[in-house]
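Architecture at a glance
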Amino acid sequence: MFTMERFTKYKTMIFPREIIVGHKTTPQVADLCGRISNGTSALVVCDKNTKKLSGNDISKTLSKANYEVKEKIVTSPSVEEVNNLIKYAKKNNIEILLGVGGGSVIDVTKLASYDLKKPFISVPTSAAHDGIASPRASLKHRKGSVSKTATSPAAILADTEIINKAPFRMLASGCADVISNVSAVMDWELAHRLKGEEYSSHAAVLAKTAAEMLIENANDIRPNTEESAWFAVKAMIVSGVAMSVAGNTRPASGSEHMFSHMLDHLGPGIMLKGKRGRRPMHGEQCGVGAIMMVYLHGGNWEKIRDTLKKIGAPTTSEELGISKRKIIEALVRAQEIRPERYTILGANGLTEDAAKKLAKTTGVI
Ligand SMILES: [Zn+2]
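None of the values given here were measured: they were computed from a predicted structure.

Of the regular secondary structure elements, the protein chain holds 15 helices and eight strands. For the protein chain, whose C-alpha radius of gyration is 20 Å, the value lies close to the compact-globule estimate of 21 Å for 365 residues. Principal-axis analysis of the C-alpha atoms gives the protein chain an extent of 75 × 65 × 40 Å. For the protein chain, the proportion of its 365 residues judged to be buried stands at 54%. Contacts in the protein chain between residues far apart in sequence, at least 24 positions, make up 76% of those at least 6 positions apart. When the accessible area of the protein chain is evaluated, it comes to approximately 16700 Å², of which 50% is carbon and sulfur surface. The protein chain carries 50 positive and 37 negative side-chain charges, and their two centres are separated by 4 Å.

Right, here's the structure in full:
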């Protein structure tokens, strides 16, 4: 006789409770903190630049609203910085943490809050990658970077007037990071079909929607237009929600991210002459990776390339400032980054000949 198997599946999804995005939203910070926490002691985490750009204003606004405010400067996304922040927050009985900055500040504050079990408010001053709204954080170590589990920010306060002041290159890189969701989702679908990996169609649709938002509005993503910051941040928030639904980074990180992490792993010796001091950014590398991975999937790679060009993100090794040889090496070795995460690169990665052909056909080298 046929008996039904008992249903035992369960899942936890944590989303930001409040998202405020748009022109001159910074003054809303005190009211926002009040809605997120009953606590009255806040820690504003910045770096030297973002302190001037926004951190000082945030501290002042909070002080005026009778918050006891402490400030801390973060210099690098390292484990030591996270531990220092945790110690400092404990000593000062901090009840709410605000990360005011780009990737590093937000990642360090996100991880510290996760450990402290205190609410974290993400206050991006640039839109360089999708970490501003995601439940993950990445830290640097000697050989590249590691991705760590945290929770989604309790709230996001994105002031597009401030984000618009950041170099446009950062925003273009952040957009490329979200556009690379296209290949990440293709990899996820492949792993689901081939390896039976758990797959969420809702998370996949959200991740693809985030990328589509930018592909469709690529003509409007230009330097010195606040609207560009608006499109970028909105897409990053949708991408972050996709990761919260999935409970992992699958919808936003596949073979193109492995390629990017392998480039980091191969080290700064990769710079072309004349490009030193202009290290390629995470999103820029992922964008170029996405062109090649979408090609391997048999997808519309030209659309990815053309969109990146429109936005002003790199599409070639030359524009990245990375030698052809390193591009090939990163392609051949990319799957070593996360062997358990099945992608179009397969279990053994590409052969050198295949990697060369791939990079040439797609115009990357
Ligand atoms: Zn990324």
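Alignment of strand 6 (residues 136-141) against strand 7 (residues 144-149), held across six bridges, turns out to be antiparallel. Looking at strand 7, one finds that Lys 140 is bridged to Ser 145.

Within the largest apolar cluster, 38 residues are counted, with the highest numbers of intra-cluster contacts made by Leu 171, Leu 214 and Ile 304. Residue assignment for this core shows that the elements contributing at least two residues are strand 8 (155-159), helix 6 (168-179), helix 8 (201-216), helix 9 (226-246), helix 11 (282-296) and helix 12 (301-311). Here the element with the most residues in this core is helix 9; it accounts for eight residues. Dropping the residues within four chain positions of it, Ile 304 is found in contact with Ile 179, Val 182, Gly 287, Ala 290, Ile 291 and Val 294.

This part is about the coordination of the zinc ion. All of the protein donors around the zinc ion are Asp 177 (OD), Asp 177 (OD), His 257 (NE2) and His 282 (NE2); their distances to the metal are 2.1 to 2.8 Å. Coordination at the zinc ion is irregular: its four donor atoms span angles of 51 to 141 degrees at the metal. For the zinc ion, all donor residues lie on one chain, and their spacing in sequence is D-x79-H-x24-H. Residue Asp 177 is located in helix 6, and its partner His 282 is located in helix 11; the two are separated by 105 residues in the primary sequence. The exposure class assigned to His 282 is partly exposed, which follows from its relative accessible area of 25%.

Turning next to the side chain of Thr 249. Mapped onto the elements of the fold, Thr 249 is located in the loop between helix 9 and helix 10 (255-266). In this structure Thr 249 comes out as buried when scored by relative accessible area, which is 8%. Of the polar contacts made by the side chain of Thr 249, one reaches the side chain of Arg 341; its length is 2.9 Å. Residues within four places of Thr 249 in sequence aside, it is in contact with Arg 136, Met 243, Arg 338 and Arg 341.

With that settled, the discussion passes to the pattern of salt bridges. In total, this model carries 15 salt bridges according to the counting rule given. In this structure, Lys 51 engages Glu 71 in a salt bridge whose closest nitrogen and oxygen atoms are separated by 2.6 Å. Of the two residues, Lys 51 sits in helix 2 (residues 48-64) while Glu 71 sits in strand 3 (residues 68-73), which places them 20 residues apart along the sequence. For Glu 71, a relative accessible area of 30% corresponds to the partly exposed category. With a shortest N-O distance of 3.5 Å, Glu 189 and Lys 208 are connected by a salt bridge. Here the residue Glu 189 occupies a position in helix 7 (residues 181-195), and Lys 208 occupies one in helix 8, the gap between them amounting to 19 residues. For Glu 189, a relative accessible area of 21% gives the class partly exposed. Owing to a relative accessible area of 37%, Lys 208 belongs among the partly exposed residues under this scheme. Because the salt bridges share partners, they merge into one network encompassing Lys 326, Glu 329, Arg 333 and Glu 336.

About the thresholds
Residues numbered from 1 in each chain as written. Predicted model: local features only at pLDDT ≥ 70, side-chain atom pairs only at ≥ 80, totals over all residues. Heavy atoms only, no water. Helix = DSSP H or I, 4+ residues; strand = E, 2+ residues; numbered from the N terminus. Rg over C-alpha atoms; globule rule 2.2 N^0.38 Å. Buried < 20%, exposed > 50% of the residue type's maximum accessible area, 1.4 Å probe, protein only. Contact = heavy atoms within 4.5 Å. Areas by Shrake-Rupley, 256 points an atom, 1.4 Å probe, with all protein chains shown as cover. Lys, Arg positive; Asp, Glu negative; His and termini not counted. Charge placed at Lys NZ, Arg CZ, Asp CG, Glu CD. Pairing = 2+ DSSP bridges. Core = buried A, V, L, I, M, F, W, Y, C linked by side-chain atoms within 4.5 Å. Donors = N, O, S within 2.8 Å, 3.2 Å for Na, K, Ca; no water. Tetrahedral: all angles 85-135°; square planar, octahedral: opposite > 155°, others 65-115°. Polar contact = N/O pair within 3.5 Å; in protein donor to acceptor, adjacent residues only side chain to side chain. Salt bridge = Lys/Arg side-chain N within 4 Å of Asp/Glu carboxyl O.

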